[in-house]
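# Results of the structural survey
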Amino acid sequence: MSAVTPSLDERLRALKDRGPAVPGPLPPLVRVSGAARSYGEGSAARVALRQTNCEISDGDRIALMGPSGSGKSTLLHLMAGLDQPTVGTVDWPGIGPREALRPGPVAIVFQGPSLLPALSVVENVALPLIFGGQSNDEATARADRALAQLELSELRDKLPEEISGGQAQRVAVGRALAGEPRLILADEPTGQLDREIGSHVVDLLIAAADHADAALVISTHDPAIGARLPTRWQLADGELLVSADDDSKETPR
Ligand code: ADP
Ligand code: MG
């Protein structure tokens, strides 16, 4: 031990002088700052999303509501880093640069079929992890764990053509969970399912977000789906409005 090492007393006093470590608010997972997206140029330009400010933070459970064409997919694709705004910025202060989003931290569940037909369910769930650099064994173990957490293990060896649309959508939720996401973005995940099966997929998305301790955003035009989440944001004609029926009174920041 070096002679200059402070005594325990001195170190305790220094800690006390510094005061208790008060954790600051966590940075948002995604921050949309004055971001807008239009397609085409000049007189043919079409605004898909008007200038928007909002943030998604840890623990958020948000339904992004709006009719077809209101800009839901556009906003979700910007939040997912799949698309870039034509004006303004989108960043991920709580996650990292765009390259850090996938596979894993930001998981996306789309409306339609997204499983590769030649691969079994467990292989479909493991594939993004393998692309992310995990060994086959590691990825398969994590895929099996995610399937088990969502009670989907009996589907593991089936091919996509052997399961229903609702089951395939549940497997897509399992694939999102396997990446240990911080943020799950689901773009009309129930759009091609009947009400009851769609409702089960929403249950599973909420369960996956709870298991992963991830924030969750589900876009939908269906008020019954929106009612399942504590916070609702309304999009109309590319504009993000504060919803009057939002229980949490939380507003897009
Ligand atoms: P939603 O998901 O709510 O149905 P979108 O975000 O897909 O809405 O679309 C918003 C608007 O942007 C729509 O008017 C749509 O036609 C337009 N749009 C979306 N993608 C494109 C594109 N690739 N090219 C031109 N217009 C687009
Ligand atoms: Mg859409």
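Residues numbered from 1 in each chain as written. Chains lettered and ligands numbered in written order. Predicted model: local features only at pLDDT ≥ 70, side-chain atom pairs only at ≥ 80, totals over all residues. Heavy atoms only, no water.

This paragraph deals with the site of ligand 1. The local shell around ligand 1 consists of Tyr39, Arg46, Ala48, Pro67, Ser68, Gly69, Ser70, Gly71, Lys72, Ser73 and Thr74. Within the backbone of Ser70, a nitrogen or oxygen atom sits 3.2 Å from an oxygen atom of ligand 1. The side chain of Ser73 places a nitrogen or oxygen atom 2.9 Å from an oxygen atom of ligand 1. Relative to its free-state accessible area of 560 Å², ligand 1 is covered by the protein chains to the extent of 63%. Contributing elements (two or more residues each) for the shell around ligand 1: β2 (46-56) and α2 (72-80). Here the shell around ligand 1 takes 3 residues from α2, the largest share from any one element. The residue makeup of the shell around ligand 1, split by class, is 3 nonpolar, 6 polar and 2 charged. (Near = heavy atom within 4 Å. Polar contact = N/O pair within 3.5 Å; in protein donor to acceptor, adjacent residues only side chain to side chain. Areas by Shrake-Rupley, 256 points an atom, 1.4 Å probe, with all protein chains shown as cover. Helix = DSSP H or I, 4+ residues; strand = E, 2+ residues; numbered from the N terminus. Nonpolar A, V, L, I, M, F, W, Y, C, P; charged D, E, K, R; others polar.)

Turning our eyes to something else, we now look at the nonpolar core. Counting 40 residues, the largest nonpolar core has Leu205, Leu216 and Ile218 as the members making the most contacts within it. At the level of elements, β3 (61-65), β5 (106-109), α3 (121-131), α4 (136-149), α5 (165-178), β6 (183-187), α6 (195-212) and β7 (215-220) are the ones that each hand at least two residues to this core. Ignoring any residue separated from it by four or fewer positions in sequence, one finds Leu205 in contact with Val109, Val173, Ile184, Ala186, Pro189, Leu216 and Ile218. Val30, Leu64, Ala80 and Val217 belong to the second-largest nonpolar core, a separate cluster that totals 27 residues. (Core = buried A, V, L, I, M, F, W, Y, C linked by side-chain atoms within 4.5 Å. Buried < 20%, exposed > 50% of the residue type's maximum accessible area, 1.4 Å probe, protein only. Contact = heavy atoms within 4.5 Å.)

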